Each structure stands twice: as C-alpha cells, then as structure tokens.
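# Descriptive analysis of the structure
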Amino acid sequence: MLLIPCPWCGPREDDEFTFGGEADFPRPAEPEALTDEQWADYLFMRDNRRGRHREQWCHTAGCRRWFIVERDTVTNEILGAGTYGGSP
Amino acid sequence: MSSSVPRRSPLGAVQFAESPSHDGELFERPFLTHVNLRLDPGDTEARSAIHRVLGVQLPLTPNTTTTGDDLTAIWLGPDEWLLLAEHGQSGTLIADLQAALAGHVASVVDISAGQTVIRLSGPSTLDVLARGCALDLHSSVFPPGACAQTLLARAQALLLAVDDTPTIDIIVRRSFTPYVAAWLEDSARDFGLRIPPAAAS
Amino acid sequence: MSQPFRLDHGGRVDRDTPLQFTFDGRPIDAFRGDTVASALLANGVTLVGRSFKYHRPRGIVSAGAEDPNAFVQLGHGARTLPNRLATVTAATPGLKVRHVNAWPTLEYDVMSAFGLVAPFIPAGFYYKTLMWPRRLWPLYEHFLRHAAGLGHAPDAPDPDRYDHVHAHCDVLVVGAGPAGLAAARAAARAGARVILADEQAEAGGSLLSTHERVDGLPAPRWADATTTELAATRGVTVLPNTTAFGLYESNLVLLAERLITDQPDSAGSENGARVWRVLPKQIVLATGAHERPLLFANNDRPGVMLAGAISTYVNRYAVAPGSRAVLFTNNDAAYRTALDLTDAGVPVAAIADVRSDPAGDLSSEVRAQGIAVHAGAVVRHAQGGRRVAAVELCSLDGAPLGAVECDLLGVSGGFAPALHLHAQARGPSEWDPTLAAFVPRGANGIHPAGAVAGQLGLADALRQGTQAGSTAAAAAGCSNGSDLEVPRANESTQAFIQPYWLPPGGLARAKPQFVDLHEDVTLDDLRLSLREGFESIEHVKRYTTLGMGPDQGKLANPLATGVIAELLGRDPASVGTPRHRPAYSPVSLGAIAGRHIGPLADPVRVTPMQDWHEAAGARFENVGQWRRAWYYPQPGESMHEAVARECLAVRHRVGILDYSTLGKIEITGPDAGEFLDRVYTNAWKRLRPGRCRYGLMLGEDGMIFDDGVTARLDDQRYLMFTSTSNAAPVLASLEQWLQTEWPDLRVYLTSVSEHWSNIALAGPRSRDVLAAAGTDIPLDRRDFPFMTFRQGHVAGVQARVFRISFSGELSYEINVPADCARHVWEALVDAGRPFGITPYGTETMHVLRAEKGFIIVGQETDGSVTPDDVGLGRLLSRRKDFLGKRSLSRPDSVRPDRKQLVGLLTDDPNQILPEGGHVVDSPGPRRPLPMRGHVTSSYFSPVLGRSIALAMVTGGRAALGERLYVATLHDNRWLPARSCHPVFYDPEGARQHV
C-alpha cells in the first residue's frame, strides 16, 4: 500500500487515487503541424525512468484534483508532490 | 413544486409535509438541501457576496467546514464546496446565490436529490466506521468541524465530524445508499446500535 | 491415560480446571492454559504427523509459530480449520484434533513406504520423471495430491465472523515479550497511542518460560502486571491472539486477530478472525528469535526438539517432554535447558557441545550437577523409529564417541532473529558473526528491540525495549519528559556461538539429514541443487522447495544459509536468505475476505424505481455496479416473447424505460462551448440554448471513447449525457484535461447523474401520455421539435424534458429530481394505461437501437474503432481541432482494409447470429481462414419479423450485399448471410420527427 500525499488532503491510501501516467507530456499546441512520428511520440512514447519519476495522480475518492507526484520507481519512495496551480 | 407530491429519500423515507423524526444512533437525515458550488477562491468579491447570502465564510482550509444558523459550508476541493442546509428549500438558496454571483465565473448546482446524509452517533461511532474507513477519525485529528472525502467500505463518502459524542454525518451518493446503509447496519450489529425502523428498510 | 509426563508442580496451567479434548478420536487430558502440543506431550503423545513427502513420523519440535511438524486439523464440517499449529492452539474442552498427512492412520501410514525409497526421489524428481507420458499427468496429479495432504477445507459455508478494521497509532509494538512489554510501557508513559500485538493468548513471551526475575518479581508475574497496567492505560490497545503477518510499503502492518469465544466447541475457541490494517507512525519490532536446529542423521525423529522449547514446556506448562535427555549445542542456551530439566527431575544423560572449551557460569553450574559435558563433540545420528532411542556421538572430525540412550534430544544451533516483517518491507539487515545470524538494522521508523536485534539476555532486552519504545514515541511526536525507567533483571553474558553447519562426512547416505522438516528437504537435496548449478539461495529454494511450507521455513531458512555458505565456501552474508514475503504464518481466506461477501461483496446501485421494477416482475441485469431492469416477463412468458411484446409496444403504441443510470454532467462557465469544441468531434459554440446535439468523444488515439447527447441549458450551461458505464471515466477524463492542460478555460464540471432520474417515453403515443400525465410544457411539434429540450413540470414535478430518441420513435426523456422520480414514473404509467403503455427493459432498448443501427460504445466499439469505421465520419469537424483529431490521419487510421460497420441479414430469417461470431468470406478448406470481421450485435427484430445483426467487417461498406459466413461458437457450423446498410428500420428517420 502506497500512502500518496495529496497536496490538498494530505497522505491518503492509494485506493483513493487514480494513476494518470507519466507527467510532463503536454498536448502539442498544433497537432496538425506535427509529423506522424512526432504525434506518435506524444501519443505512445514515455520515458519510464528508473529512479526519479514524475507522474500524474488524481484524488478520485477525495478532492478530485489532479496533481503531480515524484516517486522513485526503484524504492517506491515518494519524494514530493505538486499541484497544477494554486496552493493549499 | 406542488406540496402534494411525495418525495422519497434513498433509504425509503417518504416526505409529504414534514420530515420523519430522528431517533436512534444510526438514521437517515433525508430531504436536506445540498448545493454544489464552484468558484475561484481568488475571487474575493464573489466570496464576499456568498458570505452575505449564507451568513458564513466559505472554508478555504482543506477538509474543514464553516457552520451558520442552518447551513454548513463544506470544503470539497480548492474551488469546490458543498452547501448543506437544514431546510429543504433548495430553490430559494440557489436563486439567491445565482443572483449574488451574477457577473462572476461560478457554478451553483442543486444536487439535493442525488445524495443523502446518514448520521451515526454514540460512543461506538468510530469503531463502526473503522471497520471500513481507512482514515484516522480520532478527535485529535478529526475534531468537530472537520470533513473528509474518502472511501467507506467500497463506496465513496463524505464524512463530517459533528460533535464530540462522537457524531459523524456520512454523505453518500443516492444509488450507493442502500449498500452503505446495509454495510453500516452490519457493522453496527457488533455494537448494538439503535436503528430506527425508517432507516432499517 | 492421565498425563504421565505432567510435572507435579509449577507452570502456568490451571490445575483446578481440567479439560479433555481428542486427538484422532483418542481422549487427551489437559488443563486450562495448555496448548494442544503441551497437552499431547503431557500425555506422552510424541507422534503428531507424517512428513509432507516421505511420510516419516514427526513430533513436536518447538513451542511456538515456528514449528514445521505440528500442523493439525481442528474440528470438522463448516467450522473446521486446517493447518493449525498444535503449538499455538489453546487446548479447549471437546476440541477435535486430527493429524493432516497420513493414511489410513498416523501409526500405519502406507505412504511411509516412500521413506524406504527416499534416496530415489530427490529434489526435482517429480518434474524430471512425471513429465512423461503427458496424458498420464492427471493420474499422477491425483496420486500426488492424495499423498501430499495438507488438511482439508470446510465442506459448508463458514458460519464464523470475519471482519476487517483500520487502526492508527503512534507506536505499534509487535511482540509482547520482555522487549515488547518494556517498549509498550515506555511509549505509553510518554503519552503515545500504542497498539501491542502478540500471537499468543497471554502476553509475556519468553518471560513466561523463565525462572528469572524482573523488578524483583518472578518474570511471569512482572509480565502480568505490566500487561494489566498497559490495558488500563487510555490510548493503549493490547491485542492477544494476534499475529502481525505482513509489513508493507508505508509501514502498513496487517495483524490477524483470532476471535476467541469463551464457549469453545469441537472446532476450538476460535470463532472467526479480524484483520487489523494498522498504519502506525513508528514500529517497535520485538518479535524475538527462533532457535536454530542442527544437522545430523535422522534429525527428524520424534523426541528431537529445540532446547528452548523443552525449557518452555518444563517451566511454563509443567510438562517433561521426555524421561531421559541429551542436549546438543553450539552455544550456552542448552545449558539453561539442562538445568531446567534437572530441576524438574528429568535426568540429562549428556551434553554434546561443538565448542572445544565451553566455559562460563552456566557450564560450571551444569558440571556441578554432575552432567557429562562432551566438549568438541556432536550428535551424528539419532537412533530409533517412531521416537529417539539413543544418540551416537562423534568428534568434530567424525571419530565415534559412543552412543547414549535417551528419548529426548534438545538441540540448539544458536538463534536467528525473527526479522521476517522487517525483511518483508525490505528493511536492511546484516550478518552478525558473533550470533552467526542476520540481524535487522532499524530504518524507516522501524525499531528492532530484544532478541530480534540480537539482544538475547533478559536485562539487555528490557533495556533495549525501553529505549526503543521511548525513541519511537518521540519520533511519533510524543514526549512528556517522563524519565526512562528500565525494568531491572540480572545481567548475563551473551552466549558465544561456534557456528556449526555441516556434520562430519562419512555417514551412510540412507540416513537423511533434514534441513527443512516440513518440506522434507535434506542436506543431499541442497548438495544436488548446488551441483546442478542452482547456487543462488532463491534458485535453491525453487529447486528443492526449501522454505515453501506453511511454516514459511522459519527454522529451515536460517539453517540453509549457513549450510549453503559452507558447501560453496562462501561467506553466509553473501548467501543471504530467501526473500521474505507475507504471510508470516497462515491466514484463513475468511479473514482476508472479511465482510466483503454476499450482499456486501460490492455495492449494488439501484434507481429510485427499483421497488417498482421488482413489483412488476422485472428480471435484472448487471451493468457495472448498476442493477437495471432487463425485461418484464408476464406470467408464462419467455424472455423472447416478453422482449418481442415490449418492442412492438414501443413501435406501435408507447413504452416507458428507466434510463436513470446515464451519466449526467453539468458544464458551466463562459468557456463551456469552447471546452465542448475541444472534447467533442463536432461543433458546439453555435448550438442555441434549448437545443440538443449528439456528440462523439475520442481518445487522443482517435478511437471512440464515449458518445451521447448534450443540451445547451442556457448561455453558459450545458448538460452532457454519458453512457452508463462511462459516467465516471468521462468525468475524470474531462477534469484531467481541464485541470492539467486547459486551466485557462473558465469551465466547471459537476456530476448530476444521481440528482436527476431519467424516464424515457418512446413510441407514437408518447406525446399523448405526457400530456395526460399533466405538463405545462407545450408539446406541439412546432413548439417542441426533435432535438430540443424544455423545462417545466411533469405530474407536478419540476422537470427537464429532452426530445431525443434512442429508439427511432417519437420520444421524450424526462429528467426529474430523484426524490420525485418514483411519483412521476407512476403518474406516467397511470396516464399511459389507456394508450397501452408498456414498461420495457434494457434488452428491448438494445433491439430497438440495433434496428436503427445506433452503436453502443463498448459493443460496436472496442477501443480500436474510429468514427469513420462506424459510419459517423460526418461528425468530424474540419474547422477546429479536437481530441484525437490528429490521430485520424495516421497511416493506420486510414488503412483501406479497416473494419467497418455493416448490417447482416441471415439467409434464414429465424437464424440469430452469435454475437462475437467470426465473419469469413467462405468456409473453404483453407486453415486458418482469413477473418473478415466479427458480429457485434445480434437480435430478433419483432417489427421486421426476422433476425438482424451488426458486424464490423473489413472493407464492408464498399461491398454491401456481399455473401458472408459467420461461425457458430460451439458446434462448428457456418451460417450464410448477406451484408447490408446498418439501418434496418425507418432509414429516413421519419418516425422520431413526428
């Protein structure tokens, strides 16, 4: 069981959350300007780093906010959390 | 709405003119007014307008509530609140809020029929809830006035600490209510809680 | 038999409360306070089971949870408990105890013939031998299952109570021995919220088996007093009969509490279990240590026991486990046992000590008693069949030193800290050469204390426990400045250990030396494993099944580490131990399920009309967690007949459907239109208030994600309908886009799915019904045309009425607050009676929409279907971007051979194609047949009087009318059909516009 630090509600058990994949893959401003390969990169390719990993979580059963968690994928240690705007 | 139309609460309470009486340690508080409010907490003018309508400030600290005469404002998210009013007149409250928020970016939505309140009160309240709620509800961390959205058994629930009895109000979405009530009754069995017939159906 | 091995005095058993239970039907006399094991030993029962593989006779080895042999079956019928340890099960009146692994009886086990051929079935035998011929495997398996018995499951639903409970505390103390009690006391005195859990019925651990004193009191009395003090302290929870069996990430600890009744029956005093999910701020690990066995030939004979266990039986239970003892040791601990036995009047014939110079207080005391101590000597062979009769001694280099008669052999190979929980959480540990064992190091809020931390002496354990409790409380933020008060006990010097792993060579191969008693893994098996190249301890484990029994190898694994290290000539630290995993000891499935069974297994969601549907005789189907009315059979009607009647009622008159389960999201704000433009494929900003539009939502991969109608309520408010099963995923996805990508959009989303119930009226007479039910909404087709919505009242209730249709008929979807939905439903049914109104369920809804060629997301689509694939390309805006748009021009999305939605009409109009059936061009001899597609929906259409089907077929749209065949699912037939346009009924769509 992973305790996930919701920036708003504090640490809660992981079954209150939904995982949203790796963070920092913003939607391209002009998709039509991209080549097929560039679009496929955005769509399918993720770094899946060993070690520090920034990822998106949503506190589904709580405040319904999406936020960013930094987690070590080797030790599962959670190194920090941040919001997409605003501060608790 | 014509007053002759019977309303049915999720747990089967039927309301014609007056609410059923509340007696027991586990019972439904049906037909309250539930209004979902969204606005930018940085819009202080809008918050002041709300204050004038509600008589209470919107809580800005996560997982806290503010309580006025017959209304509690409950923090749900950084830009989201639940207004829980003791009376069943959602129409006037919504109209007043909408008038006060004219010109502001905000959302006021009536969800009164979409959820209900189940009250659990008495010395074994926390023991009953601990059977299915992972949160620490000890009064040192969850004092009266605190609230939390979480999971209760396998349903989402909003918990409000009401008083030191302890009393906890559990707000559940309508379709999950029969499940949550059955689960609570089953938990309460071990503690001999009093359940009035209306809530036991 | 009347307890011939019970000592005359002493012990903590209650001699005033005798009781009787049975073992394999034989009456066993005991006292309250006995375990099943102590009572069996008191009655001279030494044979308690047969081993797993060779069916060798086995006896009680330990006095605790580490025992590899003492697994028994308790009770019978629904309440039976398999694989319970006699060493931790309380003896209760009437308890029925049976052995688990022998047939026909324990004494005469036919499988023990295996013992005679043991040299021929080494590790890996089954895998190497029974692989061939393959068709005989079921026979082999039957035989092996029978031979490798591990008790049996209850034969009826378990009536006992199982439960889960969440708990929080500042300090969780695992183990209530000297260190644990001291830690709990120190933490409680600092004001911490404390949970103290111990697997035994009484707190005290080793304190209950010792003659030492604490704070001037006999150790057991100190334990009792401290436990009483703790239990009376506010904020402290003492949990006896509770095993901490798992330690997980975030330091979540799972405890299994055996629920004890004071009215035990034949299944014993356990009447269920409670799993505690404890999330402590800090953990004191005071789990003690397990004494290590030693290797010699026939080291599994009944009568061979751990030395410390002998002391426990003598001191705590007043039982002499034998009448003449020999002790075999490599450390000081067995000397304490020798003194305990002597005190109890059991002669100790000899002590074989691996060490050449066993000096120290204890050894002098033992020698003073006249006990023969053989220094530099080992036991090499235990003689005897069902019980030890004598032991052969030899020197370390194998020179015989003669035999000594005895019926009890106590062994002590040192102590291995019970670091299982710590290791489960991947806590660090290191090899301590003075203990010859792995010792956990504190980390991440876990504080090992006492024997688990290598502190084997009582005074040291009390001191370290007090310190750990205090430190843990402080780390949890609890400190009230109270002075640390360490319970006092006599100081003792730590026993020094001479590691002894491998016996001298030259022993006959036929005499096995067991490393793992439960799994019958011998020293030779380990040698074979290493010889075949499986050198990692994890490989050894998998090759030999070392440590895989229900005892989790508690005794075997620490021994194996040393043995493998010596065989490989390596440092034990580099060999390690097999990975520790939960559960530390067996947990019943009932405890894991808790109360999540039967009606509480998963929420069943119902609409406000549920009671009405039930009273009307509806059959239900599950749609996710929802229970929806499926169809309403009249008496004597089959499903087919009921659905046909409902379909025709809608097509010719009027039907009523409970459609409350649809997801409903209010979208509010100045940018709501822009937001919809981004998430839907078509354009929304210019939709006028009061109008509705069908929308298609794609994933970024261009595949259909959801569909539904959205209405514009007013200038800045829209109401979006989602499919029932996608209600939550759609809202979550929309919130994700808003919060993470488009925070600049001034839009708020609020779910109103549960507030508004949705009642659909469908059929040519639905306007008449709505009017008859009473509404202030003008219903004339010019005032209220198709694809618009109006607000007003229906049957006296505030309502939003949408003129949208999922059946192709004139239709109104009436949204009313759920509190009043039942009233409105009944009013509509009453008003509709003169018009022949018919309630219909989800099955009829599916037939009606299939007749119209309307897709259902998740039925026609499967996450790999684009809008164009299902003929909805016209909904793709060219003038704006939307989610998934760029993907629609990827090469794969424009492949000419993509599957496309077509209709299928069978040659035989009564033939209903199987949904999921494969579509092929011709059922020729070629294999595999090239697949053209698959059937997605298939029904009998009552209004058309024939079967219809929808299918996804490659290149289907360009070849309408082609001959195709569909495979049946079970009987290997091919059903001929022709493809057609997927709209079967009213293709011009006239009926919904009337």
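For the structure, check the block above.
Thresholds applied
- Residues numbered from 1 in each chain as written.
- Chains lettered and ligands numbered in written order.
- Predicted model: local features only at pLDDT ≥ 70, side-chain atom pairs only at ≥ 80, totals over all residues.
- Heavy atoms only, no water.
- Contact = heavy atoms within 4.5 Å.
- Buried area = accessible area lost by both parts, 1.4 Å probe.
- Salt bridge = Lys/Arg side-chain N within 4 Å of Asp/Glu carboxyl O.
- Polar contact = N/O pair within 3.5 Å; in protein donor to acceptor, adjacent residues only side chain to side chain.
- Helix = DSSP H or I, 4+ residues; strand = E, 2+ residues; numbered from the N terminus.
- Nonpolar A, V, L, I, M, F, W, Y, C, P; charged D, E, K, R; others polar.
- Axes fitted to C-alpha atoms, helices over the stretch in contact; angles between N-to-C directions.
- Parallel < 35°, antiparallel > 145°, perpendicular 65-115°, else oblique.
- Left-handed = near helix turned anticlockwise from the far one by under 90°.
- Buried < 20%, exposed > 50% of the residue type's maximum accessible area, 1.4 Å probe, protein only.
- Core = buried A, V, L, I, M, F, W, Y, C linked by side-chain atoms within 4.5 Å.
- Pairing = 2+ DSSP bridges.
- Phe/Tyr/Trp six-rings, centres within 6.5 Å; stacked < 30°, edge-to-face > 60°.
- Lys, Arg positive; Asp, Glu negative; His and termini not counted.

Each side of the interface is counted separately: chain B has 16 residues, and chain A has 13 residues. Buried surface at the junction of chain B and chain A, summed over both partners, amounts to about 1100 Å²; 51% is from carbon and sulfur atoms. The largest share of the area that chain B buries against chain A comes from P78, Q149 and L151 of chain B, three residues that together contribute 36% of it. Our count for the chain B to chain A interface comes out at three salt bridges. The partner of E80 of chain B in a salt bridge is R64 of chain A, and the shortest N-O contact between them spans 3.0 Å. Along the contact surface separating chain B from chain A lie seven residue pairs in polar contact (both at pLDDT 80 or more). Elements represented by at least two residues in the side of chain B that touches chain A include exactly strand 6 (71–77) and strand 10 (147–152) of chain B. Looking at the side of chain B that touches chain A residue by residue, the class counts come to eight nonpolar, five polar and three charged.

Turning to the interface of chain B and chain C, a few remarks are in order. Tallying the contact residues gives 45 residues for chain B and 43 residues for chain C. For the pairing of chain B and chain C, the buried interface totals around 3800 Å² over both sides, and the portion due to carbon and sulfur atoms is 53%. The three residues of chain B that bury the most area against chain C are R131, R154 and S175 of chain B, which together make up 17% of that side's buried surface. Summed over the shared surface of chain B and chain C, the number is nine salt bridges. When the shortest N-O distance is used, the salt bridge between E754 of chain C and R173 of chain B registers 3.7 Å. There are 22 residue pairs in polar contact (both at pLDDT 80 or more) connecting chain B and chain C. When contributions to the side of chain B that touches chain C are tallied by element, the ones reaching two or more residues are strand 1 (7–8), strand 4 (33–39), strand 8 (106–110) and helix 4 (177–189) of chain B. A total of seven residues in the side of chain B that touches chain C trace back to one element, the largest contributor, which is helix 4 of chain B. Taken together, the residues of the side of chain B that touches chain C break down into 20 nonpolar, 11 polar and 14 charged.

A word on the packing of helix 18 (residues 639–652) of chain C against helix 23 (residues 842–851) of chain C. Residue and element names in this part refer to chain C. It is at 9 Å that the axes of helix 18 and helix 23 come closest, and there the two elements cross at 55°. Between helix 18 and helix 23, the angle is such that the two are oblique. Judged by the twist between their axes, the crossing of helix 18 over helix 23 is right-handed. Residues M639, V643, E646, C647, V650 and R651 of helix 18 form the contact with helix 23, whose own contacting residues are E843, T844, V847, L848 and E851. Considering only residue class, the contact of helix 18 with helix 23 consists of six nonpolar, one polar and four charged.

In this section: the pattern of salt bridges. According to the stated counting rule, one finds 82 salt bridges over all chains in the structure shown. For E80 of chain B, the salt bridge identified is with R65 of chain A, shortest N-O distance 3.3 Å. Taken together, the positions of E80 of chain B in strand 7 (residues 80–85) and R65 of chain A in the loop between strand 4 (52–58) and strand 5 (66–72) put the pair across two chains. For the pair shown, E80 of chain B and R65 of chain A are each scored as buried. Here E666 of chain C and R800 of chain C are joined by a salt bridge, their closest N and O atoms 3.1 Å apart. With E666 of chain C in strand 34 (residues 663–668) and R800 of chain C in strand 41 (residues 797–802), this residue pair connects regions lying 134 residues apart in the sequence.

Looking now at unusual backbone geometry. For the peptide bond that leads from T165 of chain B to P166 of chain B, omega is 5°, which places it in the cis range. With respect to the helices and strands, P166 of chain B occurs in the loop between strand 11 (155–163) and strand 12 (167–173). Residues P582 of chain C and A583 of chain C are joined by a peptide bond in cis, for which omega reads 5°. By secondary structure assignment, the location of A583 of chain C is in the loop between helix 15 (572–575) and helix 16 (589–593). Even without glycine at this site, N83 of chain C takes up a positive phi of about 55°. Looking at the element boundaries, N83 of chain C is found in strand 6 (residues 81–85).

Here the focus is the nonpolar core. Ranked by size, the top nonpolar core spans 83 residues in total, and within it F21, I60, Y313, F328, I351, V391 and L409 of chain C carry the most contacts. When sequence neighbours within four positions are dropped, the list of residues in contact with I60 of chain C reads A37, L40, L41, T46, V48, D67, A70, T87, V304, M305 and Y313 of chain C. In terms of nonpolar packing, the next biggest core, distinct from the first, is built from 58 residues, L82 of chain B together with Y659, V709 and L719 of chain C among them.

On to the environment of Q115 of chain B. Residues and elements named next belong to chain B. Secondary-structure assignment places Q115 in strand 9 (residues 115–121). Residues Q115 and R47, 68 residues apart in the sequence, show an inter-C-alpha distance of 25 Å. In this view, Q115 contacts H34, L82, I171, V172, R173 and R174; residues no more than four positions away in its chain are not counted.

With that out of the way, let us pick up the sheet that holds strand 6 (residues 78–83) of chain A. Within the open sheet, the four strands sit side by side as 3-4-5-6 (chain A). Their pairing is antiparallel. Each end of this open sheet is capped by a strand with a single partner; those strands are strand 3 (18–22) and strand 6 of chain A. Direction aside, neighbouring strands of the sheet carry axes that sit 30° apart on average. Inspection of the sheet shows strand 4 of chain A paired to strand 5 of chain A by seven bridges, in the antiparallel sense. Within the sheet, the bridge partner assigned to R54 of chain A lies in strand 5 of chain A and is E70 of chain A. Each of strand 3, strand 4 and strand 5 of chain A is contacted by helix 20 (residues 727–741) of chain C, which is oriented at about 85° to strand 5 of chain A, the strand it contacts most.

Our next topic: the packing of aromatic side chains. What the rule picks out here adds up to 19 aromatic pairs over all chains. Centre to centre, the rings of W737 of chain C and W742 of chain C are 5.3 Å apart; their planes meet at 20°, and the pair counts as stacked. On the accessibility criterion, W737 of chain C (14% relative accessible area) is buried. For W742 of chain C, a relative accessible area of 8% gives the class buried. Members of the aromatic cluster, each reached through a chain of ring pairs, are F17, F19, W57 and F67 of chain A.

On to the pairing of strand 34 of chain C. Residue and element names in this part refer to chain C. Across the six residues that make up strand 34, a large majority, six, are buried. Side chains of strand 34 alternate between two faces, with G663, I665 and I667 and K664, E666 and T668 buried alike. Inspection of the sheet shows strand 34 paired to strand 37 (residues 717–722) by six bridges, in the antiparallel sense. Note on strand 37: the bridge partner recorded for I665 is M720. Here strand 34 pairs with strand 38 (residues 748–751) via four bridges, running antiparallel. Paired with I667 across the two strands is L749, which belongs to strand 38.

The subject of this paragraph is the side chain of K880 of chain C. All names here are of chain C. Looking at where K880 falls in the secondary structure, it is placed in the loop between helix 23 and strand 44 (899–906). Within the buried core, K880 has no salt-bridge partner, and the shortest N-O distance to an opposite charge, that of D677, equals 4.2 Å. Reaching out from K880, the side chain makes a polar contact with the backbone oxygen of D677 at a distance of 2.3 Å. Once you skip the residues sitting within four places of it in the chain, K880 turns out to touch L676, D677, R678, Y680, T681, N682, A683 and K885.

That is the geometry; function is a separate question.
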